[in-house]
Amino acid sequence: MSEVKIIGDALANIPWQDKPLGCPDVVWRYSNNPIIPRNPFVGANSTFNSAAVAFNGKFAGVFRCDSTAREMQIHAGFSDDGINWKINPERIQFIHEDPEVSGWEYGYDPRVVWIEDRYYVTWCNGYHGPTIGVAWTKDFKTFHQLENAFLIFNRNGVLFPRKVGGKYMMLSRPSDNGHTPFGDIFLSQSPDMQHWGCHRHVMATSDGWQSTKIGAGPIPIETSEGWLMIYHGVLTSCNGFVYSFGAALLDLDEPWKVIHRSKNFLIAPWEQYECVGDVPNVTFPCAALTDAASGRIAIYYGCADTVTGLCFTTAQALIDHLKAGN
Ligand code: BMA
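This structure is a prediction, so every number in the text was calculated from the model and none was measured. (Residues numbered from 1 in each chain as written. Predicted model: local features only at pLDDT ≥ 70, side-chain atom pairs only at ≥ 80, totals over all residues. Heavy atoms only, no water.)

(A) Inspection of helix H3 (residues 315-323) at higher detail. Along H3, the positions that sit buried rather than exposed are Ala315, Leu318, Ile319, Asp320, His321 and Leu322. For H3, the secondary structure elements touched by its buried residues are strand S16 (221-223), strand S17 (226-237), strand S18 (240-250), strand S19 (258-261), strand S21 (296-303) and strand S22 (307-314). Count one or two residues on from H3 and you reach glycine 325, which has phi positive near 85 degrees. (Buried < 20%, exposed > 50% of the residue type's maximum accessible area, 1.4 Å probe, protein only. Helix = DSSP H or I, 4+ residues; strand = E, 2+ residues; numbered from the N terminus. Contact = heavy atoms within 4.5 Å.)

(B) View of the pattern of salt bridges. The tally for this structure, following the rule as stated, stands at 11 salt bridges. Of the charged contacts, one joins aspartate 66 and arginine 64 as a salt bridge, the two residues approaching to 3.0 Å between their closest N and O atoms. No difference in accessibility class separates aspartate 66 from arginine 64, as the two residues are buried. Measuring nitrogen to oxygen at the nearest pair gives 2.9 Å for the salt bridge that ties aspartate 117 to arginine 118. Take aspartate 117: its relative accessible area is 35%, and that puts it in the partly exposed class. According to the relative accessible area criterion, arginine 118 is buried, its value standing at 18%. Within this structure, Arg38, Arg70 and Asp278 form a network of salt bridges that share partners. (Salt bridge = Lys/Arg side-chain N within 4 Å of Asp/Glu carboxyl O.)

(C) Structural detail: the pairing of strand S7 (residues 107-115). By the criterion of burial, S7 is predominantly enclosed, with 8 of the 9 residues buried. Direction of pairing for S7 relative to strand S8 (residues 118-126): antiparallel, over a ladder of 7 bridges. When the bridges of S8 are listed, glycine 107 appears paired with asparagine 125. (Pairing = 2+ DSSP bridges.)

(D) Region of interest: the sheet that holds S22. Here we have 4 strands laid out as an open sheet, ordered S1-S22-S21-S20, and antiparallel in their pairing. Two strands lie at the open edges of the sheet, namely strand S1 (28-29) and strand S20 (283-291), each paired on one side alone. Looking at chain direction, S20 and S21 are connected through 8 bridges and run antiparallel. In the strand pairing of S21, leucine 289 is matched with alanine 298. Relative to S22, H3 is tilted by about 80 degrees, and along the sheet it contacts S21 and S22. (Axes fitted to C-alpha atoms, helices over the stretch in contact; angles between N-to-C directions.)

(E) Examining the packing of aromatic side chains more closely. Following the criterion strictly, the structure yields 23 aromatic pairs and no others. A ring pair is formed by phenylalanine 55 and phenylalanine 78, whose centres lie 6.2 Å apart and whose planes are at 50 degrees; its orientation type is tilted. Placement of the pair is phenylalanine 55 in strand S2 (residues 44-55) and phenylalanine 78 in strand S4 (residues 72-79), with a sequence separation of 23 residues. Accessibility expressed as a relative area gives 27% for phenylalanine 78, which makes it partly exposed. Taken together, a centroid distance of 6.1 Å and an interplanar angle of 85 degrees make the contact between phenylalanine 265 and tryptophan 270 edge-to-face. You can call phenylalanine 265 partly exposed: its relative accessible area is 32%. The exposed category is assigned to tryptophan 270, whose relative accessible area is 61%. By the ring-pair criterion, three or more aromatic residues cluster together here, those being Phe55, Phe78, Phe94, Trp104, Trp114, Tyr119, Trp123, Phe140 and Phe143. The ring of tryptophan 136 has arginine 118 lying over it, and the distance from NZ or CZ to the ring centre is 4.2 Å. Positioned over the ring face of tryptophan 256 is arginine 200, at 5.5 Å from the centre of the ring. (Phe/Tyr/Trp six-rings, centres within 6.5 Å; stacked < 30°, edge-to-face > 60°. Lys NZ or Arg CZ within 6 Å of the ring centre and 35° of its normal.)

(F) Local environment of the site of the ligand. Near the ligand, the surroundings consist of Asn49, Arg64, Tyr108, Asp109, Tyr243, Val279, Val282, Phe284 and Asp305. The separation between an oxygen atom of the ligand and a polar side-chain atom of asparagine 49 is 2.9 Å. The side chain of arginine 64 places a nitrogen or oxygen atom 2.6 Å from an oxygen atom of the ligand. Starting from 310 Å² of accessible surface for the ligand in isolation, the protein chains cover 86%. Of the residues that constitute the shell around the ligand, the class distribution is 5 nonpolar, 1 polar and 3 charged. (Near = heavy atom within 4 Å. Polar contact = N/O pair within 3.5 Å; in protein donor to acceptor, adjacent residues only side chain to side chain. Areas by Shrake-Rupley, 256 points an atom, 1.4 Å probe, with all protein chains shown as cover. Nonpolar A, V, L, I, M, F, W, Y, C, P; charged D, E, K, R; others polar.)

Right, here's the structure in full:
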């Protein structure tokens, strides 16, 4: 197998734990999961489906915190080590001169990415139904909101970390106003982060763990072999939806073209904290830190819509696994 390289920055302080001896898995969990409890501050009901990035030698992030009124909100947070987090008890107040844009209904499932000279945040934003909100920040204190990317109904808006073919690229999953019993991943393109078009179909549902709907998770990771896209897949059981996750490799220049995709899930709700909570049986990845020097990847994922977990892999192991038809 060829040597896989992550294209990007080194991150010597990436949170990390070696794979336990004898562990057969390609992705393994942090032994002290969950890393964030449901209520890191008074007034939080649950903290999950959240996004962490490297920030000023340390870490920052945007967190989904549902309140004890069960409002879906997003909050900024900071960490020295990527594992122990301090999350602001006040939700993010987005700034935009047009109240039509910054008016707040709800927000959830954020993603964060550094592009060019700033961090962009995307999230599922309520605007007469769920769509994709977009904002930027440089300090995780002031957040400037941009126009919503799409019309309703849409979820899982995930930006690429750089322009491809001269355009910004965003994955998304058109949906409905409820819990959506369908859903493929699409890609849209923009010259300016405001007008999105040239929509391309990326991937449909398939069998088993990814038979009901799929959605992009963390920011795609650029590698020597293609864009590594970690995505969630949902199956419908007699007791409702089950959320697992896998990965796909997308073409570097035309990222709507799928080179490989998971047959087997990488992580599924097996642990108690993934199976028991406000919504049972959910593992939902929204962020990944990478270290280009070592090839290490640390994935943040929501567990049972209640707490946040961390798991690990390497680009080499994951791509070898996909290439081998797993
Ligand atoms: C999806 C989103 C996610 C959530 C999942 C399971 O539709 O709402 O935030 O984790 O359902 O409830």
